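# An overview of the molecular structure
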Amino acid sequence: MIRIFFFLFGFGLMTIGLTYIILYLNLLNIEYNFLEYVNFIYRRPEIYLSLLGFIIINLTIFIKGDKRNGIYI
């Protein structure tokens, strides 16, 4: 159950981060070139939320749990 919570928490963080990154694509319409856009995104905290969410999701998927957390069919 705790792994499901961490998976959903990581998914939420990654969704928030990627949503802001997509919203900031509007900066390309107002005389920003792609390198300035990448530099702006790199300095925003939302990219770090996205990366943190990605790391949490990968940890919950690939780290093997003990027997009481496993699902056996």
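Since the structure is predicted, the reported quantities are computational estimates derived from the model, not experimental observations. (Residues numbered from 1 in each chain as written. Predicted model: local features only at pLDDT ≥ 70, side-chain atom pairs only at ≥ 80, totals over all residues. Heavy atoms only, no water.)

### Quick notes on unusual backbone geometry
Excluding glycine, most residues fall at negative phi; most peptide bonds, likewise, are trans. In this structure, Glu31 is a non-glycine residue whose phi angle is positive, near 70°. Positionally, Glu31 belongs in the loop between helix H1 (2-23) and helix H2 (34-42). (Helix = DSSP H or I, 4+ residues; strand = E, 2+ residues; numbered from the N terminus.)

### Observations concerning the side chain of Ser50
By the element assignment, Ser50 lies in helix H3 (residues 45-62). Overall, the relative accessible area of 8% leaves Ser50 in the buried class. Leave out the neighbours within four places in its chain, and Ser50 touches Leu13, Met14, Gly17 and Leu18. (Buried < 20%, exposed > 50% of the residue type's maximum accessible area, 1.4 Å probe, protein only. Contact = heavy atoms within 4.5 Å.)

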